[in-house]
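# Notes for the structure review
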Amino acid sequence: MGRNTMKKRNLCGVVCFLAILLGGCASGDETSSLENMELIGEDEISPNEDYIEDEADKVLYSVQVYQEENNAVIVNATSNSAFFDDLQYEVTCHEKLSASDVDIVWTTLMGSTESTEEDQLAVATISLSLNGEVFSERKINFFHKGIEIVTETIDQNKK
């Protein structure tokens, strides 16, 4: 195994360990405007539930997909982890979507759909389709802030 590959694996392990160790609370309040929209897709996972001893350490990642009356699609992503700031984005759509038009696929930071304790699920790919054609695909990294912390620490240690 190459040195760079080993470094990446070690970094991923450290990042995942930090996620488990430091999983905390962030604001999960949804925007009140979502109440008047139709929920057309959602998924929630806990990437660390198989690896924790205390329920208080359980991390949750959640994605909800709503559609407004004017057919605009709102994607809302939330987590109780300190490594993720809730986010919301809008996608223009001119037709009504159904649940079958929404696909949410979870992967690890290393890109696998199979998670391990060292490489847990952390990225959601949200695909929106119309008549079988994907018109929007976006990845949400639920551990982005954790990666920034590790990168900054590594950079500081190099100095």
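Look up a bit, the structure's there.
These lines cover the structure that appears in this document, whether it is placed above or below. (Residues numbered from 1 in each chain as written. Predicted model: local features only at pLDDT ≥ 70, side-chain atom pairs only at ≥ 80, totals over all residues. Heavy atoms only, no water.)

A few words on the sheet that holds strand 5 (residues 102–108). With antiparallel pairing, 3 strands are arranged side by side in an open sheet as 5-6-7. Only two strands of the sheet have a single partner each, and these edge strands are strand 5 and strand 7 (133–141). Averaged over all pairs of adjacent strands, the angle between their axes in this sheet comes to 20°, without regard to strand direction. In this structure, strand 6 (residues 121–130) lies alongside strand 7, joined through 8 bridges in antiparallel fashion. Looking at strand 7, one finds that Leu130 is bridged to Glu133. (Pairing = 2+ DSSP bridges. Helix = DSSP H or I, 4+ residues; strand = E, 2+ residues; numbered from the N terminus. Axes fitted to C-alpha atoms, helices over the stretch in contact; angles between N-to-C directions.)

Our focus in this paragraph is the environment of Asn80. Note that Asn80 resides in the loop between strand 3 (73–79) and strand 4 (87–91). The exposure class assigned to Asn80 is partly exposed, which follows from its relative accessible area of 23%. Along the chain, Asn80 and Ser62 lie 18 residues apart, while their C-alpha atoms are 9.3 Å from each other. A distance of 2.9 Å separates a polar atom in the side chain of Asn80 from the backbone oxygen of Lys58. (Buried < 20%, exposed > 50% of the residue type's maximum accessible area, 1.4 Å probe, protein only. Polar contact = N/O pair within 3.5 Å; in protein donor to acceptor, adjacent residues only side chain to side chain.)

If you look at the biggest cluster of nonpolar residues, it comprises 23 residues, and the most contacted ones within it are Val63, Val65, Trp106, Ile126 and Phe142. For this core, the secondary-structure elements that each account for two or more residues are strand 1 (38–45), strand 2 (61–67), strand 3, strand 4, strand 5 and strand 6. Not counting residues up to four positions away in its chain, the partners in contact with Ile126 are Val63, Val65, Val75, Tyr89, Asp103, Ile104, Ser136, Glu137, Arg138 and Ile140. (Core = buried A, V, L, I, M, F, W, Y, C linked by side-chain atoms within 4.5 Å. Contact = heavy atoms within 4.5 Å.)

Below, the discussion takes up the packing of aromatic side chains. Applying the stated criterion across every chain, the model contains 5 aromatic pairs. Cluster of aromatic residues (ring-pair linked, three or more members): Tyr61, Phe84, Trp106 and Phe142. Just above the ring of Tyr89 sits the side chain of Arg138; from NZ or CZ to the centre is 4.1 Å. (Phe/Tyr/Trp six-rings, centres within 6.5 Å; stacked < 30°, edge-to-face > 60°. Lys NZ or Arg CZ within 6 Å of the ring centre and 35° of its normal.)

In terms of burial, strand 3 is a largely internal element, 7 of the 7 residues being buried. The side-chain alternation of strand 3 yields two buried faces, one formed by Val73, Val75, Ala77 and Ser79 and the other by Ile74, Asn76 and Thr78. Taking the residues that link successive antiparallel strands as the turn, the strand 2-strand 3 hairpin has 5 residues, and the phi of Asn71 there is positive, at about 75°. Bridge count for strand 3 against strand 4 is 5 bridges, and the pairing is antiparallel. Bridge pairing links Val75 to Tyr89 in strand 4.

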